[in-house]
Amino acid sequence: MAWTALVIAGFLEICWAIGLKYTEGFTKPIPSALTIAAIAASFWLLSIAMRSIPIGTAYAIWTGIGAAGAVIFGIIMVGEPANPGRLVAIALILSGIVMLNLFSPS
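All chains use their own residue numbering, which begins from 1 and follows the written sequence. Given that the model is predicted, a residue must reach a pLDDT of at least 70 before its local features are reported, and side-chain atom pairs must reach 80 or more before they are shown or counted; all residues, however, enter totals for whole chains, interfaces and linings. The basis for the side-chain values is all heavy atoms of the structure; hydrogens and waters are excluded.

Note on conventions: DSSP H or I runs of at least 4 residues are helices, E runs of at least 2 residues are strands, and numbering of each starts at the N terminus. Within the protein chain, the secondary structure is distributed over four helices and zero strands. Written out in order from the N terminus, the α and β elements of the protein chain read α-α-α-α. Intrachain contacts of the protein chain at a sequence separation of at least 6 include 67% that bridge at least 24 residues. Two residues form a contact once any of their heavy atoms are found within 4.5 Å.

Structurally, Ala67 is set in helix α3 (residues 55-78). The spacing of Ala67 and Gly10 is 57 residues in sequence and 9.1 Å in space, taken between C-alpha atoms.

It is worth spelling out unusual backbone geometry at this point. The phi dihedral of Glu24 is positive, around 50 degrees, even though this residue is not glycine. Here Glu24 lies in the loop between α1 (2-23) and α2 (29-49). Three labels apply to residues, based on accessible area from a 1.4 Å probe with only protein chains included: buried if under 20% of the type maximum, exposed if over 50%, partly exposed otherwise in between. Looking at Glu24, the relative accessible area reads 48%, which means it is partly exposed. Despite not being glycine, Phe26 has its phi angle at roughly 60 degrees, a positive value. With respect to the secondary-structure elements, Phe26 resides in the loop between α1 and α2. Overall, the relative accessible area of 43% leaves Phe26 in the partly exposed class.

The next thing to look at is the packing of α1 against α3. The convention used is that axes are lines fitted to C-alpha atoms, helices contributing only their stretch in contact, and that angles between N-to-C directions extend from 0 to 180 degrees. At a closest axis distance of 8 Å, the pairing of α1 and α3 adopts a crossing angle of 45 degrees. As judged from the angle between their axes, α1 and α3 are oblique. The handedness of the crossing between α1 and α3 is right-handed. Residues Trp3, Leu6, Val7, Ala9, Gly10, Phe11, Glu13, Ile14, Trp16, Ile18 and Tyr22 of α1 lie in contact with α3, whose contacting residues are Thr57, Ala58, Ile61, Trp62, Thr63, Ile65, Gly66, Gly69, Ala70, Phe73 and Val78. Asp, Glu, Lys and Arg are counted as charged, while Ala, Val, Leu, Ile, Met, Phe, Trp, Tyr, Cys and Pro are counted as nonpolar; the rest, among them Gly, fall into the polar class. The residue inventory of the contact of α1 with α3, partitioned by class, reads 16 nonpolar, five polar and one charged. For classification, angles of less than 35 degrees are called roughly parallel, those exceeding 145 degrees roughly antiparallel, those between 65 and 115 degrees roughly perpendicular, and all remaining angles oblique. By convention, the crossing between two helices is left-handed when the near helix turns anticlockwise from the far helix through less than a right angle, and right-handed when the turn is clockwise.

This next bit is on the pattern of salt bridges. A side-chain nitrogen of Lys or Arg and a carboxyl oxygen of Asp or Glu constitute a salt bridge if their distance falls within 4 Å. For the coordinates displayed, the defined rule picks out two salt bridges. Put simply, Lys28 and Glu24 hold a salt bridge, and the shortest N to O gap is 3.7 Å. Put simply, Arg86 and Glu80 hold a salt bridge, and the shortest N to O gap is 3.4 Å. With relative accessibility at 23%, the residue Arg86 sits in the partly exposed group. Residue Glu80 is classed as partly exposed on the basis of its relative accessible area of 35%.

The subject of this paragraph is the side chain of Thr35. When you line up the elements, Thr35 lands in helix α2. Counting of polar contacts relies on pairs of N or O atoms within 3.5 Å, with two restrictions inside protein: one atom must be capable of donating a hydrogen and the other of accepting it, and residues adjacent in sequence are counted only when both atoms are side-chain atoms. Among the polar contacts listed, one links the side chain of Thr35 to the backbone oxygen of Pro31, at a separation of 2.7 Å. Each residue touching Thr35, except ones within four places of it in the same chain, is listed here: Trp16, Gly19, Leu20 and Thr23.

None of this, on its own, says anything about what the molecule does.
And the structure:
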């Protein structure tokens, strides 16, 4: 259950990170409300995951999912550059997530 909550929290982090772009400084009501809801849900699920997953592992995985997901979204949907350096960085983040998962005590 904790790992499921953590993964969903990570995907919600992607949503709210992307949503921040579309709030235009929280001047657009609907994108702002959706972004705030995603932030709240993401933090809530992260707190549930941290009940049994060590804080360092949970936080690193949560931020890693969010960072990698936001970059991938930017490349695919917004046309940001997909140069080799960025792709290697994403691969390293994802590798770190896998390693933390494999070596986590819970």
